[in-house]
Amino acid sequence: MSKEHKYWYLFKIFFKIGLFSFGGGFAMMTMIERSLVDEKNLLTHNRMMNIFSVCSAMPGSLALNVSTLTGFTLYGIRGAIVAMIGNLIPATVIVIGLVAFISAVENEPLFLAVMRGISPVVVGLIAGAAYRVSKRALKNIWCWGLMLTGVALLVFAPGVSTIYVVLGGIVLGLILAFIPLKELPKSTQEDLKTKERS
Amino acid sequence: MNVEILLKLFWLFIQVGVFSFGSGYAAFQFVNSGATELGLCQDGALVDIFAISGGAPGPVALSTSVGVGFRIAGLPGAFVSMLGIMIPCLILVIIIAKFLYAQYYTPRMQMVLKTLAPVTVSLIITAAIRIMMSKGILFSSQVIPSGWNVMGAEGNVLFEGKSILLAATSFLLFARTKVSIALLVIGGAVAGILIF
């Protein structure tokens, strides 16, 4: 692909994601997976998952951070800017329209019905994203335990915000990195062997 | 146009980009209290914006911010808010990305990323649960008037049948077929008009 083409392609992908991803950052995951991982092979599953992990430790909008970091991962700073702008244009235009006509829209049965139809679909898609990534991310019982602990804390413990859970994961990872368990270096070696294209 | 208001908006959204952690819902709380403190609006005046900005696709934090900027100062306000959200995001992502990819293949970074993967799955599942709880689908205080609501003891919705069926359909179509996601979202909108 020539230079113009790759940026234009990235812009189109993220414009489309911006247009059809309702319900926040994780709702984008299925679309990124389909377009950039499955169809174009520009990212590996692992790399996509890592982008989401890193972005959930960052402040600001998850969706925007994911777009920008994905763009950066593919094509550097220009890629970051292109992906970010592609992602935010549809949202910006549509929200200005909605707020401009807020009195007409707010209690309109048609708008409410559309939103009530879209919300469950988004829930299904997010569940689909979790299902897809769990095959790779939850390889053993420890991973399952960690995941279930995270859900339990986030859903049932009031006042435990996302960032504490993510920071907990980072700290745990750093601690594990210093414990020389027998199987850990091996899996790391495998990862190094199957080095991803960057 | 009042430049002071635009500068205040810009400053507010720079802060959102740097200090708000978590979902767009957290960002909205930040915007709401910040805008009130800066004297840009009265308390509670922005709640309706949050209610409909979920109706726009894309980043929730961005749509609430642009919505609030537009309400307070028109198109220039929307533009300034958008820039305020973009600039910290771009700078932070570039800093983090440089660090991440410089360290990417070190065993330590791989271990941290590997540990974070299950945590991220828990965040994904929580995102789905939170949407259901805020939209009257599961364990919610909101009631969908035309839904098949199964009520709990304290007048809360235990679950709502139509939405659950729709969610299950979308999950199965996504997992078992190659139907495009855009089509699923449009299908959801049409289904919503037909059944709610």
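Residues numbered from 1 in each chain as written. Chains lettered and ligands numbered in written order. Predicted model: local features only at pLDDT ≥ 70, side-chain atom pairs only at ≥ 80, totals over all residues. Heavy atoms only, no water.

1. Let's talk about the packing of helix H2 (residues 29-39) of chain A against helix H3 (residues 45-56) of chain A
Residue and element names in this part refer to chain A.
Thought 1: H3 packs onto H2 with a crossing angle of 145 degrees between their chain directions and a minimal axis gap of 10 Å. Crossing angle aside, the handedness with which H2 passes H3 is right-handed. Where H2 approaches H3, its residues Met 29, Ile 32, Glu 33, Val 37 and Asp 38 are matched on the opposing element by His 45, Met 48, Met 49 and Phe 52.
Thought 2: Broken down by class, the residue content of the contact of H2 with H3 amounts to six nonpolar, one polar and two charged. (Axes fitted to C-alpha atoms, helices over the stretch in contact; angles between N-to-C directions. Helix = DSSP H or I, 4+ residues; strand = E, 2+ residues; numbered from the N terminus. Left-handed = near helix turned anticlockwise from the far one by under 90°. Contact = heavy atoms within 4.5 Å. Nonpolar A, V, L, I, M, F, W, Y, C, P; charged D, E, K, R; others polar.)

2. Quick notes on the side chain of Thr 92 of chain A
Thought 1: Among the structural elements, Thr 92 of chain A can be located in helix H4 (residues 62-100).
Thought 2: Taking relative accessible area as the criterion, Thr 92 of chain A reaches 9% and is therefore assigned buried.
Thought 3: Ignoring anything within four residues of it in the chain, the contact list for Thr 92 of chain A reads Leu 62, Val 66 and Met 82 of chain B. (Buried < 20%, exposed > 50% of the residue type's maximum accessible area, 1.4 Å probe, protein only.)

3. Examining the environment of Val 80 of chain B
Residues and elements named next belong to chain B.
Thought 1: Of note, Val 80 is situated in helix H4 (residues 60-103).
Thought 2: Of the residues examined, Val 80 reaches a relative accessible area of 14% and is grouped as buried.
Thought 3: Val 80 sits 10 residues away from Phe 70 along the chain, and the two C-alpha atoms are 9.3 Å apart.

4. Brief notes about the nonpolar core
All names here are of chain A.
Thought 1: The biggest cluster of nonpolar side chains holds 122 residues, and the ones touching the most others in it are Phe 14 and Ile 32.
Thought 2: Per-element tally for this core: the top contributor is H4, with 18 residues.
Thought 3: Filtering out sequence-adjacent residues up to four positions away, Phe 14 remains in contact with Met 28, Ile 32, Leu 36, Ser 67, Thr 70, Ala 83, Gly 86 and Asn 87. (Core = buried A, V, L, I, M, F, W, Y, C linked by side-chain atoms within 4.5 Å.)

5. Describing the packing of H2 of chain A against helix H6 (residues 109-137) of chain A
Residues and elements named next belong to chain A.
Thought 1: With their axes 8 Å apart at the nearest point, H2 and H6 run at an angle of 50 degrees to one another. With respect to their mutual orientation, H2 and H6 come out oblique. When H2 is examined against H6, the residues Met 29, Thr 30, Glu 33 and Asp 38 are found in contact with a partner set consisting of Leu 125, Ala 129, Arg 132 and Val 133. (Parallel < 35°, antiparallel > 145°, perpendicular 65-115°, else oblique.)

6. Remarks on the environment of Gly 188 of chain B
Thought 1: Note that Gly 188 of chain B resides in helix H7 (residues 181-195).
Thought 2: Ignoring any residue separated from it by four or fewer positions in sequence, one finds Gly 188 of chain B in contact with Gly 117, Ile 118 and Val 121 of chain A.

7. A closer look at the interface of chain B and chain A
Thought 1: Taken together, the contacts link 93 residues of chain B with 102 residues of chain A.
Thought 2: Elements represented by at least two residues in the side of chain B that touches chain A include exactly helix H1 (3-19), helix H3 (47-53), H4, helix H5 (107-134), helix H6 (161-176) and H7 of chain B.
Thought 3: Counting residues per element, the side of chain B that touches chain A draws most heavily on H5 of chain B, at 25 residues.
Thought 4: Per-class residue counts for the side of chain B that touches chain A are 64 nonpolar, 20 polar and nine charged.

8. Some remarks on the pattern of salt bridges
Residue and element names in this part refer to chain A.
Thought 1: Applying the stated criterion across every chain yields a total of one salt bridge over all chains.
Thought 2: Glu 33 is the partner of Arg 132 in a salt bridge, and the nearest nitrogen-oxygen pair spans 3.4 Å. Here the residue Arg 132 occupies a position in helix H6, and Glu 33 occupies one in helix H2, the gap between them amounting to 99 residues. (Salt bridge = Lys/Arg side-chain N within 4 Å of Asp/Glu carboxyl O.)

9. Looking at the packing of aromatic side chains
Thought 1: Applying the stated criterion across every chain yields a total of seven aromatic pairs over all chains.
Thought 2: Each ring, one from Tyr 101 of chain B and one from Tyr 104 of chain B, has its centre 5.6 Å from the other, and the planes form 50 degrees; the classification is tilted.
Thought 3: Residue classification places Tyr 104 of chain B among the buried residues on the basis of a relative accessible area of 2%.
Thought 4: Among the aromatic residues, those joined into a cluster by ring pairs are Trp 8, Phe 11 and Phe 15 of chain A.
Thought 5: Its guanidinium or amino end placed over the ring of Tyr 104 of chain B, Arg 47 of chain A lies 4.3 Å from that ring's centre, counting from NZ or CZ. (Phe/Tyr/Trp six-rings, centres within 6.5 Å; stacked < 30°, edge-to-face > 60°. Lys NZ or Arg CZ within 6 Å of the ring centre and 35° of its normal.)

10. A short note on the side chain of Ser 170 of chain B
Thought 1: With respect to the helices and strands, Ser 170 of chain B occurs in helix H6.
Thought 2: Among residues more than four places away in sequence, those in contact with Ser 170 of chain B are Pro 120, Val 121, Gly 124 and Leu 125 of chain A together with Leu 184 of chain B.

11. Some thoughts on the confidence of the model for chain B
Thought 1: For chain B, per-residue confidence averages 86 on the pLDDT scale, and residues scoring 70 or more make up 96% of the total.
Thought 2: Scored by ipTM, the complex comes to 0.86, with pTM at 0.85. (pLDDT = per-residue confidence, 0-100.)

12. Details of unusual backbone geometry
Thought 1: The phi torsion at Asn 41 of chain A lies on the positive side, around 55 degrees, for a residue other than glycine.
Thought 2: With respect to the helices and strands, the residue Asn 41 of chain A is situated in the loop between H2 and H3.
Thought 3: Here Asn 41 of chain A falls in the exposed class, since its relative accessible area comes to 55%.
Thought 4: Despite not being glycine, Phe 139 of chain B has its phi angle at roughly 40 degrees, a positive value.
Thought 5: Mapping Phe 139 of chain B onto the fold places it in strand S1 (residues 138-140).

13. Overview of the pairing of strand S3 (residues 157-160) of chain B
Residues and elements named next belong to chain B.
Thought 1: Looking at chain direction, S1 and S3 are connected through two bridges and run antiparallel. Each residue of the ladder has a partner; that of Leu 138, found in S3, is Phe 159.
Thought 2: Bridging between strand S2 (residues 149-151) and S3 involves three bridges; their strand directions are antiparallel. Following the sheet pairing, Val 150 is matched in S3 by Phe 159.
Thought 3: Counting the residues in the hairpin turn of S2 and S3 gives five residues, including Gly 155, whose phi is positive at 80 degrees. (Pairing = 2+ DSSP bridges.)

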